[in-house]
Amino acid sequence: MNHATRFSCLTALFVSLSTFGADRFDIVDRPDLSTTNRFYPGNRAPLEPSSFLALPPSAVQPRGWLQEFLNRQRDGLCGNLGEISIWLQKDNNAWLSKDGKGKYGWEEVPYWLRGYIQLGYTLNDPKIIAESKIWIEGAINSQRPDGDFGPDQKFDDDGSRDFWANMLMLYCLQTWYEQTQDARVLDLMTKYFHFQLTVPDDKFLTHYWQKMRGGDNLYSVYWLYNRTGDYELLKLADKIHRCTANWELQDNLPNWHNVNIAQCFREPATHYLQTHDDAELQDTYADFQEVRKRYGQVPGGMFGGDENCRSGHTDPHQAVETCGMVEQMLSDEMLVQISGDPFWADQCENVAFNSYPAAVLPDFRGLRYLTAPNMVVSDAKNHSPGLQNEGPFLMMNPFSSRCCQHNHSMGWPYFAKNLWLATPDNGLCAAVYSASEVTAQVGDGTEVHVTEETHYPFAEKIRFKINLHGSTDFPFYLRIPAWCQSAKLSVNGKASPAQLIAGKYVRTQRTWKNGDVVTLELPMQISVEQWTANHDSVSINYGPLTFSLKIGERFERRDAAKAAIFDSGWQKDADPSKWPAFEIFPTTAWNYGLVFDSTHPEKSFSIKHSAWPKDDFPFTPDSAPIQIVAHARQIPEWTLDKNELCGALQASPVASSQPLEKVTLIPMGAARLRVSAFPVVGDDASAHHWTLAR
């Protein structure tokens with residue numbers, strides 16, 4: 001389906017209706033917007049009604065692998081970055097200065113803080129919450145008489161204000177307010193936005209980063225409007241849209257920086273909330289499609305942009321920043337709420353399960369700037385011009401990758417927060433799946449606690465247990481992923497009569513009682529995805545997971561300070577011996593092409609299940625609980641290229657006289673070295689001979 005026109009083609013909210021006794025099951029494209037949630041703030045008129053509404057920061061408590069990942073984030077780089085990063089040093093920090101002056105005062109603090117504070121509320125961690133409060137108080141106390149706040153950053157050439165870092169801090173303040181109801185946040189934001197209204201257009205959102213990323217400022221304006229009803233804010237919203245780069249171009253983007261794309265393509269959909277112009281919403285879908293048409297013909301949900309997307313650089317050895325991954329996840333999460341379209345939840349899972357986990361070390365004590373679908377070495381070498389930037393951009397280094405070092409913090413905390421959403425009809429939606437618990441008000445105001453038990457995405461069954469006092473009537477939404485064609489639903493062991501449809505929601509309306517159990521089964525099948533535009537290479541999927549060749553990994557420890565990228569900075573007491581960097585090298589062959597029956601490809605692969613890891617962490621080669629056994633032949637001519645990256649793919653089918661072997665594929669997210677887009681080996685006259693890279 002052409003997703004650029006998907007939303008406007010929705011002709012009916014309710015696709016089908018089934019009843020079973022007093023229970024009602026509806027298959028819907030999105031929630032009914034004719035009602036308004038009584039308990040959680042959504043869009044206020046004249047904005048477009050909210051399809052879904054965010055719950056408070058501490059409403060969702062992750063369990064299982066996601067809780068383990070968050071625990072490792074707390075104990076790893078994110079939780080200790082305040083002792084490492086020079087930009088988080090409190091001495092002479094402009095974010096803690098009342099006059100906005102100080103040596104350190106740009107994006108790094110709020111990049112880190114917006115994930116760090118959400119992490120604290122998600123894990124109910126007093127230490128993190130207390131540390132976050134220091135920075136929140138600093139931001140609030142920094143407001144000046146004219147309404148401006150934060151570091152007083154101005155550009156040398158024209159004296160205009162740099163608003164970019166403040167856009168990030170506004171997210172932090174919103175999280176603080178949503179949890180504490182601290183009215184000072186509303187007061188600060190109101191004065192700040194009225195200050196922005198006084199800035200002439202030719203001095204507003206000037207220069208590169210903030211002009212591209214004005215959509216983040218726009219989002220916060222609507223957030224405040226929904227809580228205060230100040231109509232002057234809608235004037236500011238139009239001004240921001242007018243002064244932001246044009247993300248509504250036809251068949252093109254205003255900028256091809258990978259992080260800008262991942263966070264800015266949603267700007268037209270955000271402004272659509274005010275204009276009700278469906279063309280703006282479609283522009284966001286069109287931007288998403290355009291970048292993937294040109295540079296995203298690869299598995300994992302992302303695209304090649306290392307640093308920028310470049311013409312002719314479309315092979316799966318092109319990488320994307322860790323920043324780009326987490327920004328894409330956030331955009332997807334926000335677009336679910338704006339559009340109601342389950343497509344964005346599917347997309348979020350794709351990036352979260354298949355791309356992001358491998359961008360960080362298993363213990364979360366380091367990360368790398370760039371990660372690619374086909375990546376057979378992760379070292380400290382300079383791989384330019386194969387990668388755009390010069391330097392050690394593939395190494396796992398806690399002292400390096402200045403933007404990603406801080407911005408990665410929001411990835412899993414925001415993902416966890418957005419597992420569950422409130423609905424306009426006073427119900428709940430499990431929008432993205434992972435083991436968790438949620439507490440929310442539903443129906444007539446009754447508080448319900450839902451426990452979600454599952455090993456998804458490594459398991460097919462998801463069990464929801466309802467806990468409440470007495471009984472109450474409310475709708476319960478579950479997303480049916482687009483990849484699942486035979487989903488099944490049961491309530492208290494009785495199968496639903498509804499025919500579940502992939503890419504839609506099932507809405508169950510009933511009077512719920514304490515102890516009710518809803519079971520959703522999402523049968524997974526092996527599928528082969530062909531990337532026609534990338535030499536007819538293929539990737540192998542099982543449900544929401546994409547699989548990569550299992551490559552032996554040798555970790556070599558390095559001094560983080562000596563191997564850091566040129567713009568890195570760390571505190572004088574930061575100890576590189578406590579926070580080492582690592583290179584990762586292959587210990588087994590990686591240059592395999594797959595052999596399978598193209599008519600019935602599913603018959604050529606076998607699934608191997610193993611026990612769930614005792615440490616609840618399935619994202620390593622040895623702990624992954626699912627493997628796929630495939631047949632393959634080596635392609636000896638497929639080697640590293642002249643830039644010492646995985647050699648570019650060549651046309652499939654490929655001729656190979658090497659012996660047929662069984663190889664093991666593991667989930668892409670567990671493979672820090674990986675081949676995820678495979679050549680296909682053929683044995684007839686159409687097979688091409690691979691040319692040795694020079």
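The shown structure was predicted, so the numbers you read here are calculated from the model rather than taken from an experiment.

Parameters and conventions
- Residues numbered from 1 in each chain as written.
- Predicted model: local features only at pLDDT ≥ 70, side-chain atom pairs only at ≥ 80, totals over all residues.
- Heavy atoms only, no water.
- Helix = DSSP H or I, 4+ residues; strand = E, 2+ residues; numbered from the N terminus.
- Rg over C-alpha atoms; globule rule 2.2 N^0.38 Å.
- Buried < 20%, exposed > 50% of the residue type's maximum accessible area, 1.4 Å probe, protein only.
- Contact = heavy atoms within 4.5 Å.
- Areas by Shrake-Rupley, 256 points an atom, 1.4 Å probe, with all protein chains shown as cover.
- Lys, Arg positive; Asp, Glu negative; His and termini not counted.
- Charge placed at Lys NZ, Arg CZ, Asp CG, Glu CD.
- Phe/Tyr/Trp six-rings, centres within 6.5 Å; stacked < 30°, edge-to-face > 60°.
- Lys NZ or Arg CZ within 6 Å of the ring centre and 35° of its normal.
- Salt bridge = Lys/Arg side-chain N within 4 Å of Asp/Glu carboxyl O.
- Pairing = 2+ DSSP bridges.
- Axes fitted to C-alpha atoms, helices over the stretch in contact; angles between N-to-C directions.
- Parallel < 35°, antiparallel > 145°, perpendicular 65-115°, else oblique.
- Left-handed = near helix turned anticlockwise from the far one by under 90°.
- Nonpolar A, V, L, I, M, F, W, Y, C, P; charged D, E, K, R; others polar.
- Disulfide = S-S within 2.5 Å.
- pLDDT = per-residue confidence, 0-100.
- Core = buried A, V, L, I, M, F, W, Y, C linked by side-chain atoms within 4.5 Å.
- Expected span 1.5 Å × (residues − 1).

We now examine the overall build of the protein chain. The helix and strand inventory of the protein chain stands at 16 helices and 28 strands. For the protein chain, whose C-alpha radius of gyration is 25 Å, the value lies close to the compact-globule estimate of 26 Å for 694 residues. Each principal axis of the C-alpha distribution contributes one length, and for the protein chain these read about 75 × 70 × 50 Å. Residues classed as buried in the protein chain amount to 63% of the 694 residues present. In the protein chain, the proportion of contacts linking residues at least 24 apart, taken out of those at least 6 apart, comes to 74%. When the accessible surface of the protein chain is summed, it comes to about 24,300 Å², and 49% of that surface belongs to carbon and sulfur atoms. Mean positive and mean negative side-chain charge positions of the protein chain (63 and 83 charges, respectively) differ by 4 Å.

Applying the stated criterion to the full structure yields 49 aromatic pairs. Between Y433 and F464, the ring centres sit 6.4 Å apart and the planes meet at 55 degrees, which makes this aromatic pair tilted. Placement of the pair is Y433 in the loop between β8 (428-430) and β9 (436-442) and F464 in strand β11 (residues 461-467), with a sequence separation of 31 residues. Assessed through its relative accessible area of 0%, Y433 is described here as buried. Directly above the aromatic system of W164 lies the positively charged group of R213, at a separation of 4.7 Å from the ring centroid. Against the face of W512 rests R510, its NZ or CZ located 5.0 Å from the ring centre.

On to the side chain of E327. Here E327 is to be found in helix α13 (residues 322-339). Relative accessible area serves as the criterion here: at 0%, E327 is assigned to the buried category. Beyond its immediate sequence surroundings of up to four residues, E327 is in contact with Y111, R114, V259, A262, Q263, R266, N407 and M410.

Counting across every chain of the model gives 35 salt bridges. The partner of E178 in a salt bridge is R227, and the shortest N-O contact between them spans 3.9 Å. One end of the pair, E178, is in helix α5 (residues 164-180); the other, R227, is in helix α8 (residues 214-228), and 49 residues separate them in sequence. A relative accessible area of 22% places R227 in the partly exposed class. When the shortest N-O distance is used, the salt bridge between K550 and D622 registers 3.6 Å.

The sheet built from seven strands is open, its strands ordered β3-β9-β10-β11-β16-β13-β14 with antiparallel pairing. Both outer strands of the open sheet, β3 (60-62) and β14 (494-495), are each paired with one neighbouring strand and no more. As judged from the five bridges shared by β11 and strand β16 (residues 517-521), these two strands associate in the antiparallel manner. Looking at the pairing, K461 lines up with E521 of β16.

Looking now at the packing of helix α4 (residues 126-141) against helix α6 (residues 183-198). Running from N to C, α4 and α6 point in directions that differ by 40 degrees, and their axes come no closer than 10 Å. Taken together, the axes of α4 and α6 lie oblique to each other. Relative to α6, the crossing made by α4 is left-handed. Listed contacts from α6 to E137, A139 and I140 of α4 are R184, V185 and L188. Looking at side-chain class alone, the contact of α4 with α6 contains four nonpolar, no polar and two charged residues.

As paired strands, strand β19 (residues 545-549) and strand β26 (residues 661-667) are joined by three bridges and run antiparallel to one another. Paired with F547 across the strands is P667, a residue of β26. In this sheet, β26 lies alongside strand β24 (residues 626-634) in antiparallel orientation, the contact comprising five bridges. Bridge pairing links I628 to L665 in β26.

For the rest of this paragraph, the subject is the state of the cysteines. Applying the stated criterion to the full structure yields zero disulfides. Cysteine C323 shares no disulfide, and the gap to the nearest cysteine sulfur, in C404, comes to 3.4 Å. You can see C484 has no disulfide; the closest cysteine sulfur is in C429, sitting 16 Å from it. The class for C484 is buried, based on a relative accessible area of 0%.

Now for the confidence of the model for the protein chain. For the protein chain, per-residue confidence averages 96 on the pLDDT scale, and 97% of positions sit at 70 or higher. A low-confidence stretch, residues 1-12 stays under pLDDT 50, and its non-local contacts, those more than four residues away or across chains, total 26 contacts.

It is worth spelling out the nonpolar core at this point. The nonpolar side chains of a soluble globular protein tend to be buried with one another. Grouped together as the largest cluster of nonpolar side chains are 212 residues, with contacts concentrated most on L173, W412, F415, W420, L428, F464 and L478. Element by element, the count of residues in this core is highest for α5, at 11 residues.

In this section: the pairing of β19. Within a regular strand, side chains alternate between the sheet's two faces. In terms of residue burial, β19 counts as a mostly covered element, since five of its five residues are buried. Judged from the three bridges that link them, strand β18 (residues 537-542) and β19 form a sheet pairing that is antiparallel. Looking at β19, one finds that I540 is bridged to F547. Once β18 ends, the chain turns through two residues before running back antiparallel as β19, passing G543 with a positive phi of about 60 degrees.

Moving on: α6. Residues lying three or four places apart along an α-helix face the same way, a consequence of the helix completing one turn every 3.6 residues. For α6, spanning 16 residues, the distance from its first C-alpha to its last is 24 Å, which sits close to the expected 22 Å at 1.5 Å a residue. Buried within α6 we find V185, L186, L188, M189, Y192, F193, F195 and Q196. On its buried face, α6 is in contact with α4, α5, α8 and α9 (232-243).

As a further point, take helix α1 (residues 64-75). Taking 1.5 Å per residue, 12 residues should reach 16 Å; α1 reaches 17 Å between its end C-alpha atoms and fits that length. Among the 12 residues of α1, nine are classified as buried, and the element is accordingly described as predominantly covered. Elements in contact with the buried residues of α1: β3, α2 (77-80), α3 (108-123), α14 (342-354) and α16 (411-417).

As a packed pair, α4 and α5 sit with axes 11 Å apart at the nearest point and diverge in direction by 115 degrees. Taken together, the axis directions place α4 and α5 in an arrangement best described as roughly perpendicular. The two elements α4 and α5 cross, and the hand of that crossing is left-handed. Two secondary-structure elements touch here, α4 through K133, I136, A139 and I140 and α5 through M169, C172, L173 and W176. Along the lines of polarity and charge, the residues of the contact of α4 with α5 split into seven nonpolar, no polar and one charged.

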